[in-house]
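# Observations on chain architecture
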Number of protein chains: 2
Amino acid sequence: MQSALESQPMSLEFQIEATKAAARAGRLITPHGEVETPVFMPVGTLASVKGVPQEVLEELDVQILLANTYHLYLRPGVEQIRRLGGLHRFMAWPRAILTDSGGFQVFSLNDLRKVSEEGVTFRSHLDGSSHFFSPESATQAQIGLGADIIMAFDECTEYPAESERVRQSMALTLRWAERSKKYFEQHKQEVPWNANHVGPDVPVWAGQRQLAGSAEIRSAGQVGTSFDSPRTGSAPTQTQSLFGIVQGGMDPALRNESAERTIEIGFSGYAIGGLSVGEPRALTQEIVAATVLHLPVDKPRYLMGVGTPEEIVEYADLGIDMMDCVLPTRAARHGLLFTSEGKISIKQARYAGDDGPLDPNCGCRVCRRYSRAYLRHLYASNEVLAQVLNTVHNLSFYLDTMRAVRHSIGLG
Amino acid sequence: MQSALESQPMSLEFQIEATKAAARAGRLITPHGEVETPVFMPVGTLASVKGVPQEVLEELDVQILLANTYHLYLRPGVEQIRRLGGLHRFMAWPRAILTDSGGFQVFSLNDLRKVSEEGVTFRSHLDGSSHFFSPESATQAQIGLGADIIMAFDECTEYPAESERVRQSMALTLRWAERSKKYFEQHKQEVPWNANHVGPDVPVWAGQRQLAGSAEIRSAGQVGTSFDSPRTGSAPTQTQSLFGIVQGGMDPALRNESAERTIEIGFSGYAIGGLSVGEPRALTQEIVAATVLHLPVDKPRYLMGVGTPEEIVEYADLGIDMMDCVLPTRAARHGLLFTSEGKISIKQARYAGDDGPLDPNCGCRVCRRYSRAYLRHLYASNEVLAQVLNTVHNLSFYLDTMRAVRHSIGLG
């Protein structure tokens, strides 16, 4: 087995450019562009950030998106996306993408899941049909989707949980991490955008569609560049990068052990999973602070599933490089808007006659143009444009927040 | 009564620049910008073209939008919009707007409406509450909303209808047209963006909000221009323009009589109403062709509530200058897309693996960037982005169609 666990070629470069106490500002260089860190990754569950066209995400300077393997596996199916050249090409997004392993969705959306050493049997939340994810099949799915960064298949331990249960779950995640890595090393050449992999399953027309719609591609004068070509370097042998996930519940000692043993297996980056699962926020922070100390300084650190604008700043201060959360997009759909003056519930009647911008300190296309009164009207009238504009603003606020964090770290 | 019916000042100029048989290409100059005709007006019922931000409408070169008085009267209410400076400012749309009189919605959304000489009592489709529209109150509502072009209050005759019923309905519309015009002439100075009207009801902060979000305003270097200022000329006394509506059911003789008597009252433009109410398409065309002959050559002609892409070309050929229809936007929400190769139902499984653009001959931002496979996935997954992208494309297709018609007329 060891032979499969040799170190992978550099498909992901991580450069730390500045530090400030525990915080670091850097740059993640992926096959589909650079990502400035610390970064907040908007969630595009079904290959779409709900309501927001990709060109608007580019305008917001989104450099990396997250998509959910579980959802895409069910609809439209991994094979469909693979045959269309992978996620980048499928969703016309030339920049970096990260997929989760599906483990968290199996955990959170399936009351009837059944976990064994081999993997997890679960039922589709769409039609109740039965499915099975193993470290191998989840990794295979992620290779087919073709994100730049993919995640080892893990078990997200529930909260609260008995100590022995947490230990066993953590140990299972470690065994699954080894299997994920082994499968990845044996199959990573099969990523749809790897020019060296021309197996019989890759349709000859893949890579033919010329797309000139991307503002970025247009501004670079590269009309004709297709979305599935890696953009940096001239390395057709580039592959995806696999991250490991540290589990261990709310026990710092188990987190420490999980981190050390995950690092021994060896990954391109390390995620902290199993948080934001119902525990108090103070505990989340305590576990993050304790765990981050055991992660390598020279690899990206990804805290999964957080948080509020205040929290993402705090986690960046603790040395986290990557975060994702549905909060800005989901809150937007419920009319909850983040502003420099605090949270606003735009549905409130007090905004019906408010002619001012949503956030006077925000330069996004929504705040530059529309009034609170109009946004309140759209929300109260159930107009789809409410969701579109609210989501654009909330994402802008999160991205601005992270820009400010990076700037602050850069100043030292 | 005659004293109130004197001709109005020129707040609307209509220039015919080219003709080709019955068709004319021209220019409508409104207080909020020029509109090239023949024009298709997208419908923004509740002060929003469902799912499409105003900056994208500008990018599509939409020059005039339609909004529905009935819907805005119910939500958020005319007084709310008036106090916020009128529709242009409320929805951050600096270009031209037309509102209907509410008559058609009262007709189509209210089974329990009660028509009298005075007006119509109807129930809100939202909460069942009772309301009353008269020619005076409907005109008052439209002055409060502040569109550039407003419509006389009419009765839309049902189809089919007995000959005597059609005659009486037409006669009622004529009496209401006189009353609409009288009220308009007496109150037209009260439009919210008329600088000469500074009554006690106009809040002092109206006109203060400086908006720089409009691409157009930015490109013109006029940062600081607010949306409620008329853009053309230096005429602070500009008012709205009132159009009359020709009724008369499916009887060419009654249509002729309705046209002549409506013209006698005198309006800035003339609409053909009461069509597209269930009659066969051949009959619609016959009535349009017959009616248009009785409309003044030098005034804009507006055919209400039509049609398919083929039909809007045919009506333009008959000498119609303005049209509106929910078809492109409503069809988009149901996955029906108009293309240069015919209609496409994007929900069909045949598109699941189709890597090509929606319409290879379309240059819109959707066709430049996204594949049919992706659009099909978004629709099948019930993603909001499906509605956004589908609507942008369908509108683009309609606007391109009208551009081609204008070009063809220009060539003579």
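Going by the structure above, here's the rest.
First, a word on what this report is: a plain description of the structure on this page. Not measured: the values here are computed from a predicted model.

Our next topic: the environment of Gln238(B). Within the secondary structure, Gln238(B) sits in the loop between helix 8 (215-219) and strand 11 (241-246). What makes Gln238(B) buried here is its relative accessible area of 10%.

Tallied over the entire structure, the rule returns 6 cavities of 30 Å³ or more. Of the pockets and cavities examined, the largest cavity occupies roughly 120 Å³. In terms of lining, the largest cavity is formed by 17 residues, of which the most central are Pro53(A), Val56(A), Val388(A), Pro53(B) and Val56(B). At the level of secondary structure, the elements contributing two or more residues to the lining of the largest cavity comprise helix 1 (54-59) and helix 15 (384-410) of chain A together with helix 1 (54-59) and helix 15 (384-410) of chain B. Here the lining of the largest cavity is composed, by residue class, of 11 nonpolar, 2 polar and 4 charged.

Residues and elements named next belong to chain B. One pass over the structure, following the stated rule, counts 48 salt bridges over all chains. We note a salt bridge from Glu117 to Arg175, for which the minimum N-O separation is 2.7 Å. Residue Glu117 is located in the loop between strand 7 (114-115) and strand 8 (120-123), and its partner Arg175 is located in helix 7 (residues 163-187); the two are separated by 58 residues in the primary sequence.

Turning next to the nonpolar core. With 180 residues, the main nonpolar core has Leu87(A), Leu303(A), Met323(A), Leu87(B), Leu303(B) and Met323(B) as its most contacted residues. Sequence-distant contacts of Met323(A), that is, excluding residues within four places in its chain, are made with Val39(A), Phe40(A), Met41(A), Tyr302(A), Leu303(A), Val306(A), Ile312(A), Tyr315(A), Ala316(A) and Met402(A).

A separate point is the interface of chain B and chain A. Every contact between the two is made by 51 residues of chain B and, on the other side, 52 residues of chain A. Summing both partners gives a buried area of about 4,100 Å² for chain B against chain A, and 49% of it is carried by carbon and sulfur. Our enumeration of links across chain B and chain A arrives at 10 salt bridges. With a closest N to O distance of 2.8 Å, Glu58(B) and Arg369(A) form a salt bridge. Our count for the contact surface shared by chain B and chain A stands at 22 residue pairs in polar contact (both at pLDDT 80 or more). Mapped onto the side of chain B that touches chain A, the elements with two or more residues apiece are helix 1, helix 4 (87-90), helix 8, helix 13 (365-369), helix 14 (372-380) and helix 15 of chain B. Broken down by class, the residue content of the side of chain B that touches chain A amounts to 27 nonpolar, 12 polar and 12 charged.

Attention now moves to the sheet that holds strand 7 of chain B. Residue and element names in this part refer to chain B. The 3 strands are arranged 7-8-9 in an open sheet whose pairing can be described as antiparallel. Single-partner strands in this sheet number two, and they are strand 7 and strand 9 (130-133). Pairing analysis gives 4 bridges linking strand 8 to strand 9, with the strands arranged antiparallel. Note that in strand 9 the partner of Arg123 across the bridge is Ser130.

Residue and element names in this part refer to chain A. Mapping Ser371 onto the fold places it in the loop between helix 13 (365-369) and helix 14 (372-380). You can call Ser371 buried: its relative accessible area is 2%. Separated by 3.1 Å, the side chain of Ser371 and the backbone nitrogen of Tyr374 make a polar contact.

In this arrangement, two copies of a chain are superimposed by a rotation about an axis accompanied by a shift along the axis. Rotating chain B by 180° and translating it 0.0 Å along the rotation axis places it on chain A, where the RMSD comes to 0.0 Å. The transformation just described matches what one would write down for a two-fold rotation axis. A shared binding surface is used by both copies, with 100% of the interface residues of chain B retained as interface residues in chain A.

Let us now look at the pairing of strand 11 (residues 241-246) of chain A. Residues and elements named next belong to chain A. Burial within strand 11 is extensive, with 6 of its 6 residues counted as buried. By the alternation rule, side chains of strand 11 split into Ser241, Phe243 and Ile245 and Leu242, Gly244 and Val246, which are all buried. Alignment of strand 10 (residues 149-151) against strand 11, held across 3 bridges, turns out to be parallel. Note on strand 11: the bridge partner recorded for Ile149 is Ser241. Read as a crossover between parallel neighbours, the route from strand 11 over helix 9 (residues 252-265) to strand 12 (residues 269-272) is right-handed.

A few words now on the environment of Leu395(B). Residues and elements named next belong to chain B. Mapped onto the secondary structure, Leu395 falls in helix 15. We classify Leu395 as buried; its relative accessible area is 0%. A sequence separation of 238 residues divides Leu395 from Thr157, and the C-alpha atoms of the two residues are 29 Å apart. If near-sequence neighbours (up to four positions away) are discounted, Leu395 is found in contact with Pro42, Val49, Leu57, Leu60, Pro328 and Thr329.

On to the sheet that holds strand 9 (residues 130-133) of chain A, then. Residues and elements named next belong to chain A. Across the sheet, 3 strands lie side by side as 7-8-9; this open sheet has antiparallel pairing. Among the strands making up the open sheet, the edge pair consists of strand 7 (114-115) and strand 9. As defined by bridge partners, strand 7 adjoins strand 8 (residues 120-123) across 2 bridges and the pair is classed as antiparallel. Considered in strand 8, the bridge of Val115 is made with Val120.

The next subject is unusual backbone geometry. Residues and elements named next belong to chain A. The residue after Thr37, namely Pro38, is reached through a cis peptide bond having omega 0°. Structurally, Pro38 is set in the loop between strand 3 (33-37) and strand 4 (39-41). Of note, the amide linkage connecting Tyr159 to Pro160 takes the cis form, showing an omega dihedral of -5°. In this fold, Pro160 is placed in the loop between strand 10 and helix 7 (163-187). For Ala47, which is not glycine, the phi torsion reads 65° and is therefore positive.

Moving on to the packing of helix 6 (residues 135-145) of chain B against helix 7 of chain B. Residues and elements named next belong to chain B. Close contact between helix 6 and helix 7 brings their axes to 8 Å; oriented N to C, the two are set at 45°. Viewed along their axes, helix 6 and helix 7 adopt a mutual orientation that is oblique. The way helix 6 lies across helix 7 gives a crossing that is right-handed. Where helix 6 abuts helix 7, its residues Pro135, Glu136, Thr139, Gln140 and Ile143 lie against Trp176, Arg179, Ser180, Tyr183, Phe184 and His187. When its residues are assigned to classes, the contact of helix 6 with helix 7 shows 5 nonpolar, 4 polar and 2 charged.

The next thing to look at is helix 11 (residues 309-317) of chain A. Among the residues making up helix 11 of chain A, those that are buried are Pro309(A), Glu311(A), Ile312(A), Tyr315(A) and Ala316(A). Relative to the axis of helix 11 of chain A, the buried residues are bounded by an arc of 160° and lie together on one face.

Each value, and the rule that gives it
- Residues numbered from 1 in each chain as written.
- Chains lettered and ligands numbered in written order.
- Predicted model: local features only at pLDDT ≥ 70, side-chain atom pairs only at ≥ 80, totals over all residues.
- Heavy atoms only, no water.
- Helix = DSSP H or I, 4+ residues; strand = E, 2+ residues; numbered from the N terminus.
- Buried < 20%, exposed > 50% of the residue type's maximum accessible area, 1.4 Å probe, protein only.
- 1 Å grid on protein atoms, 1.4 Å probe; cavity = no way out; pocket = protein on both sides within 12 Å on 5 of 7 lines; lining within 4 Å.
- Points joined across faces, edges and corners; volume = space filled by probe spheres on them.
- Nonpolar A, V, L, I, M, F, W, Y, C, P; charged D, E, K, R; others polar.
- Salt bridge = Lys/Arg side-chain N within 4 Å of Asp/Glu carboxyl O.
- Core = buried A, V, L, I, M, F, W, Y, C linked by side-chain atoms within 4.5 Å.
- Contact = heavy atoms within 4.5 Å.
- Buried area = accessible area lost by both parts, 1.4 Å probe.
- Polar contact = N/O pair within 3.5 Å; in protein donor to acceptor, adjacent residues only side chain to side chain.
- Pairing = 2+ DSSP bridges.
- Least-squares fit on C-alpha atoms with pLDDT ≥ 70 in both.
- Right-handed = clockwise from strand over helix to strand, strands pointing away.
- Axes fitted to C-alpha atoms, helices over the stretch in contact; angles between N-to-C directions.
- Parallel < 35°, antiparallel > 145°, perpendicular 65-115°, else oblique.
- Left-handed = near helix turned anticlockwise from the far one by under 90°.
- Arc of directions from axis to C-beta.

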